[in-house]
Amino acid sequence: MSDLIAAWIQITGEVSDIAVREELRDRANGLGLRGWIRLMDDPTLSLHTEGESNAIQRLITSLEKDPRIESVRQEPVKVEKHEQFAIRGIPAGLFVVHEHQAGTHHFDLRLEVGGVTRSWTVPKGPSLNPSDKRFAVEADNHDLADDGFEGTTPDGAAIVWDRGPYEQGGRVAWPEAVERGHAVFVLHGEKLKGGFALQRTRRGAQIQWLLIKRRDERAQPGSDIVAERPRSVESGRTLDELLGRPTVDRASQTQ
Ligand code: MN
């Protein structure tokens, strides 16, 4: 058995259609290859693949024969031990972050994963600062219909603090990545953008995680997004306004 190698392949031509990426994913899977493919803004296709060298060579040969493809360039890269061949840059579903005043003040992060909403309670809320490791407690899955809720409740209120599509990331396919306790994802919200990771730190009755911003071009070291952007992305209201109490300027308080 030959060694595992990795190649980064750039493909130009008539490659924008999602069907091209789907075909390449299927072909890569058929050859036992792992990695990912992404359509860049150029628009070229960027493909990271790992596997046996003759399988990679067969994939490249098939690309060179494809009439839609103009050029194929490859260079060797480091093996990252991917466990799937994924199409990157396409939404997996929606995420919502609620700011919620109930018994306590906290934020709730919700991600649609395979038709259910996975939910984490984040006391301090998310951060765009990669140095912040925000404690999160896994909450029960719940109905997708609750995801847009904004308003008052008998014991408090909630606003839609942020929402948008998200992409699954990382080397392991979802939902297995979540079950294994290390989930990487990319948010496309109004406030939260770029790569994040949820890392499980403790199992048991209370399952604990850390929510961490990944170091990428969307990271904002030194920022405090929760204080800087307190308003609902749905209504423009703050949680304090909804509760009928004076708005505390937390951004200036923290300086
Ligand atoms: Mn809550």
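Residues numbered from 1 in each chain as written. Predicted model: local features only at pLDDT ≥ 70, side-chain atom pairs only at ≥ 80, totals over all residues. Heavy atoms only, no water.

Draft legend 1. Focus on the nonpolar core. With 30 residues, the main nonpolar core has Leu-109, Leu-111, Trp-174, Phe-185 and Leu-192 as its most contacted residues. Discounting residues that sit within four places of it in the chain, Trp-174 has contacts with Leu-111, Val-113, Tyr-166, Gln-168, Gly-169, Ala-183, Val-184 and Phe-185. Within the second largest apolar cluster, 19 residues are counted, among which are Ala-28, Leu-33, Ile-56 and Phe-85. (Core = buried A, V, L, I, M, F, W, Y, C linked by side-chain atoms within 4.5 Å. Buried < 20%, exposed > 50% of the residue type's maximum accessible area, 1.4 Å probe, protein only. Contact = heavy atoms within 4.5 Å.)

Draft legend 2. Structural view of the coordination of the manganese ion. Donor atoms from the polypeptide that bind the manganese ion are His-100 (ND1), His-106 (NE2) and Asp-108 (OD), placed at 2.1 to 2.2 Å. Residue His-106 is classed as buried on the basis of its relative accessible area of 10%. (Donors = N, O, S within 2.8 Å, 3.2 Å for Na, K, Ca; no water.)

Draft legend 3. Broad picture of unusual backbone geometry. A cis amide bond, omega 10°, links Asp-42 with the succeeding residue Pro-43. Here Pro-43 lies in the loop between β2 (34–39) and β3 (45–52). In this model, Trp-174 is joined to Pro-175 through a cis peptide bond whose omega is 0°. With respect to the element layout, Pro-175 can be found in the loop between β11 (156–168) and α3 (176–179). The backbone phi angle of Lys-81 is positive, close to 60°, even though this residue is not glycine. By the element assignment, Lys-81 lies in the loop between β4 (69–77) and β5 (85–88). (Helix = DSSP H or I, 4+ residues; strand = E, 2+ residues; numbered from the N terminus.)

Draft legend 4. Layout of the sheet that holds strand β1 (residues 4–13). Within the open sheet, the 5 strands sit side by side as β4-β1-β3-β2-β5. Their pairing is mixed. Either end of the sheet is taken by a strand with one partner, and the two such strands are β4 and β5. On average, each strand axis in the sheet is inclined to that of its neighbour by 20°, with strand direction left out of account. Note that β2 and β5 share 4 bridges and pair parallel. In the sheet register, Ile-37 faces β5, and the bridge partner there is Ile-87. Running over the sheet, helix α1 (residues 18–30) touches β1, β2, β3 and β5 and is turned about 165° from β5. Along the sheet, helix α2 (residues 53–65) contacts β1, β3 and β4; its crossing angle with β3, the most-contacted strand, is approximately 145°. (Pairing = 2+ DSSP bridges. Axes fitted to C-alpha atoms, helices over the stretch in contact; angles between N-to-C directions.)

So, to be careful, I would describe these as geometric facts and stop short of saying anything about function.
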